[in-house]
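Fold and contact review
Each chain is listed here by its residues.
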Amino acid sequence: MSSQGKLVSSSSELDLDRPNIEDYLPSGSSIQEPHGKLRLRDLLDISPTLTEAAGAIVDDSFTRCFKSIPPEPWNWNIYLFPLWCFGVLIRHFILFPVRCLVLAVGWFIFLSSFIPVHYLLRSHDKLRKKIERCLVEMMCSFFVASWTGVVKYHGPRPSIRPKQVMLFKMCPADTLTSPQVFVANHTSMIDFIVLEQMTAFAVIMQKHPGWVGLLQSTILESVGCIWFNRSEAKDREIVAKKLRDHVQGADNNPLLIFPEGTCVNNHYTVMFKKGAFELGCTVCPIAIKYNKIFVDAFWNSRKQSFTMHLLQLMTSWAVVCDVWYLEPQNLKPGETAIEFAERVRDIISVRAGLKKVPWDGYLKYSRPSPKHRERKQQNFAESILRRLEEK
């Protein structure tokens, strides 16, 4: 595929998700409607760049990927409001204490087993890893129970085989001997917990502060998780080497990667990073879709700590989720890693009912590059010059 073809494809994706400016103009008006004096609609007709800018101000597709969409209110009248208040009391003063007790019991059982196993079985590495794997899966199950998680798993479950290779039952024969990497769309840190309760994955994850960071450096370190710091450029090379070493390890846990690199609100998928698709492994897509009937599972880390996010889940009625284990995919002849990543993103997006947008999720953490700004400025200048030449 040529670079021009990629540009046309990305542009068409963006156009499908761009709001129609005419919808925000006064009724009965049109952008092409002539007027005696200069108005906003006339300016928008001068250049597609201005139209795009106005659309971004109104409702841009990038920001929408990282916004929580509030549910439609249902407690709007005198009959329903008392029922809603009763539900709030039930959730906060009955369900929440019970769930805290469940989580406390889970931590007690986990720590009383994990600490002795971790220190007393150091000379029996294989047995220690097996027990620690089971304990981590159990603790994740307690976490899911503390939200009253209703999770449906679809498709053949992954199963562990020798040499760390995670395989599907009934998977193609050419994948039975090659290492596999699992990739999934990313909505919240609880994605890892939902998947980990079924299979002990080693995940690549941003290093977090506080109690989450403590768990990362102690308990999750035991299952082979890989941490990185997004602000450190040198971490990319280090992580890339760790990924290659991990997938070739004989006894390592299977690797789980969230190639979007950031949490998206479960309505969209942003561009997949190509790192997971350059390892020479079979890629197994996993699609995750949350039902917002009781709570929105999206975690906006800029507005909410993970502790508050967990409290929000624990004071809801339930977390409802579907997980699909999809058919393993291999790199096709002549296919680049970027094209491979886009093909896998298509598969996940279709299965989970998510809308694709041509954005890099890391733009959430950084300013646009000077090259991008200069290209936009050049396009704008050319459109103005063409308009003046027509006059």
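If you're wondering where the values come from, they're calculated on a predicted model, not measured in any experiment.

Checked against the element boundaries, His267 lands in the loop between strand 7 (255–257) and strand 8 (268–269). Put simply, His267 and Lys355 are 88 residues apart on the chain and 6.2 Å apart in space, counted from C-alpha to C-alpha. The residues touching His267, leaving out its near neighbours within four places in the chain, are Ile69, Lys292, Leu354 and Lys355.

Mean pLDDT for the protein chain: 79, with 75% of residues reaching 70 or above. Here strand 3 (residues 166–168) is the element of the protein chain with the lowest mean pLDDT, 41, and strand 10 (residues 319–325) is the one with the highest, 96. For the stretch residues 1–12, pLDDT sits under 50, and the model shows four contacts to residues farther than four places along the chain or on other chains. In the model, residues 161–176 has pLDDT below 50 throughout and makes 48 contacts with residues more than four positions away in sequence or in other chains.

So, about empty space enclosed by the protein. Overall, the coordinates contain one cavity of 30 Å³ or more when judged by the stated rule. For the largest cavity, the calculated volume is near 270 Å³. Counting only elements with at least two residues in the lining of the largest cavity, the list comes to helix 5 (80–120), helix 6 (125–146), helix 7 (190–196) and helix 8 (210–217). The residue makeup of the lining of the largest cavity, split by class, is 16 nonpolar, one polar and no charged.

Attention now moves to the layout of surface pockets. Roughly 660 Å³ of volume is contained in the second largest pocket. Lining the second largest pocket we find 24 residues, and of these Pro71, Ile293, Phe294, Val295 and Asp296 sit closest to its centre.

Within the fold, Leu331 resides in the loop between strand 10 and helix 11 (337–352). Since its relative accessible area comes to 46%, Leu331 is described here as partly exposed. It is 8.0 Å that separates the C-alpha atoms of Leu331 and Gly280, two residues lying 51 residues apart in sequence. Leu331 has contacts with Thr336, Phe340 and Arg343, leaving out every residue within four places of it along the chain.

Formed by 50 residues in total, the largest nonpolar core has its most connected members in Trp147, Leu195, Leu256, Ile286 and Val323. Broken down by element, the residue count for this core peaks at seven residues, all from helix 6. Residues contacting Leu195, with those up to four places away along its chain left out, are Ala184, Phe201, Leu256, Ile286, Ile288, Val323 and Tyr325.

Procedures and definitions
- Residues numbered from 1 in each chain as written.
- Predicted model: local features only at pLDDT ≥ 70, side-chain atom pairs only at ≥ 80, totals over all residues.
- Heavy atoms only, no water.
- Helix = DSSP H or I, 4+ residues; strand = E, 2+ residues; numbered from the N terminus.
- Contact = heavy atoms within 4.5 Å.
- pLDDT = per-residue confidence, 0-100.
- 1 Å grid on protein atoms, 1.4 Å probe; cavity = no way out; pocket = protein on both sides within 12 Å on 5 of 7 lines; lining within 4 Å.
- Points joined across faces, edges and corners; volume = space filled by probe spheres on them.
- Nonpolar A, V, L, I, M, F, W, Y, C, P; charged D, E, K, R; others polar.
- Buried < 20%, exposed > 50% of the residue type's maximum accessible area, 1.4 Å probe, protein only.
- Core = buried A, V, L, I, M, F, W, Y, C linked by side-chain atoms within 4.5 Å.

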